[in-house]
Amino acid sequence: MESTKQEQSFMGVVKERRSVRNYDPAFNISEQELKDILTEATLAPSGANMQPWKFVVFNDEALKEQLLPIANNQQQVVNASAVIAVLGDLEYIRQVDSVYDASVEAGYMTQEVKETLVTNMKGMLASMDPQYIKEGVIFDCGLVSMQLMLAARARGYDTVAMAGYDKEKFTQAFDIPNHYVPTILIAIGKASQPGHPTTRLPIDEMTFWNGITK
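Position numbers for residues count from 1 along each chain, tracking the sequence in the order it is written. With the structure being a predicted model, the display of local features is reserved for residues of pLDDT at least 70 and the display and counting of side-chain atom pairs for 80 or more, all residues being used for whole-chain, interface and lining totals. Values reported for side chains reflect all heavy atoms of the structure, with hydrogen atoms and water molecules removed beforehand.

Caption draft 1: Representation of the packing of helix H5 (residues 96-105) against helix H6 (residues 111-126) within the structure. For helices, the axis comes from a line fit to the C-alpha atoms of the stretch in contact; other axes are also lines fit to C-alpha atoms, and the angle between any two N-to-C directions lies between 0 and 180 degrees. Secondary structure elements follow DSSP: runs of H or I no shorter than four residues count as helices, runs of E no shorter than two count as strands, and numbering proceeds from the N terminus. Packing of H5 against H6 leaves a shortest axis separation of 10 Å and a crossing angle of 160°. Of the possible angle classes, the one that applies to H5 and H6 is roughly antiparallel. As H5 runs across H6, the sense of the crossing is right-handed. Each of Val96, Asp97, Tyr100, Asp101 and Val104 in H5 lies in contact with H6, whose residues at this interface are Gln111, Lys114, Leu117, Val118, Met121 and Lys122. Here roughly perpendicular refers to angles of 65 to 115 degrees, roughly parallel to angles under 35, roughly antiparallel to angles over 145, and oblique to all remaining angles. It is the rotation of the near helix from the far one that decides the hand of a crossing: anticlockwise by less than a right angle makes it left-handed, clockwise makes it right-handed. Contact criterion: two residues are considered in contact whenever any of their non-hydrogen atoms come within 4.5 Å of each other.

Written out as structure tokens, the structure is:
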């Protein structure tokens, strides 16, 4: 019975999530709860568990106003409780020891296994095409972004993902180092108007079994 309740709860979150563009500007989400949502988001998978994402949280009104024209004057930028910029860290290898030290401390691997993995990871990345690394980082940022929006919806909050912003101006305005790739902005807050319901194409039109057929 418990698993059924959990499944129903999950399906409710999935089905109730909407892209919301109208927010109550008076509603505030505390920094602690934003941290909790981000923590839940980072349970998303990533290649070799390297977690190549960073978050810049904008909940200061003056900074949101500065962000507004960079984000094509989308009003949710200033009306939402916060806007979270998801950045991809192209130099994530610098945290490889921290990632695997945590696994050793948790008892998930031995120190010997950790040292082997670190050596292999560093060797692999040193010979890898930078474009391939970038594509992997952006892919992982997509995973954590979707989980962030679902974690927010589970707490009763609303979100909208925004790819429509000037990444170059964003990087310049907020002094983003070159090894961070801006991927997406996510507004989060309490809807003042519900998001529009949408439809999806039938799954049979979207799915091939055991290979592509014309």
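Moving on, there is more to tell.
Caption draft 2: The nonpolar core, seen in detail. Put simply, a nonpolar core is a bunch of buried Ala, Val, Leu, Ile, Met, Phe, Trp, Tyr and Cys residues held in one set by side-chain atoms that sit within 4.5 Å of each other. Note on classification: 1.4 Å probe, protein chains only; a residue is buried when its accessible area is under 20% of the maximum for its type, exposed when over 50%, partly exposed between these limits. The biggest cluster of nonpolar side chains holds 31 residues, and the ones touching the most others in it are Tyr92, Tyr100, Met121, Leu148 and Ile188. Elements supplying a minimum of two residues to this core: helix H2 (31-41), strand S2 (82-89), H5, H6, helix H7 (130-154) and strand S4 (180-189). Residue contributions to this core peak at eight residues, all from H7. With residues near it in sequence (within four places) discarded, Ile188 still touches Tyr23, Ile29, Leu34, Ile37, Ala80, Ser81, Ala82, Ile84, Ala152, Tyr157, Asp158 and Thr159. Within the second largest apolar cluster, 22 residues are counted, among which are Tyr23, Ala71, Phe170 and Phe174.

Caption draft 3: Here's a closer look at the pairing of S2. Counting buried positions along S2 gives eight out of eight residues, so the element sits mostly inside the fold. Burial along S2 is two-sided: the face carrying Ala82, Ile84, Val86 and Gly88 and the face carrying Val83, Ala85, Leu87 and Asp89 are both buried. Strand pairing is assigned whenever DSSP identifies at least 2 bridges connecting the two strands. Sheet topology note: the strand S1 (residues 53-58)/S2 ladder contains six bridges and is antiparallel. When the sheet's bridge partners are listed, Lys54 is paired in S2 with Leu87. As defined by bridge partners, S2 adjoins S4 across eight bridges and the pair is classed as antiparallel. Among the inter-strand pairings, Ala82 is bridged to a residue of S4, identified as Ile188.

Caption draft 4: Here's a closer look at the packing of H2 against H7. Contact pair H2 / H7: the axes reach a minimum separation of 8 Å and the direction vectors enclose 130°. Classified by the angle their axes make, H2 and H7 are oblique. Once H2 is placed against H7, the crossing between them reads as right-handed. Within the contact between the two elements, H2 uses Ile37, Leu38, Glu40 and Ala41 and H7 uses Val144, Gln147, Leu148, Ala151 and Ala152.

Remember that the coordinates give geometry; whether it matters functionally is a separate question.
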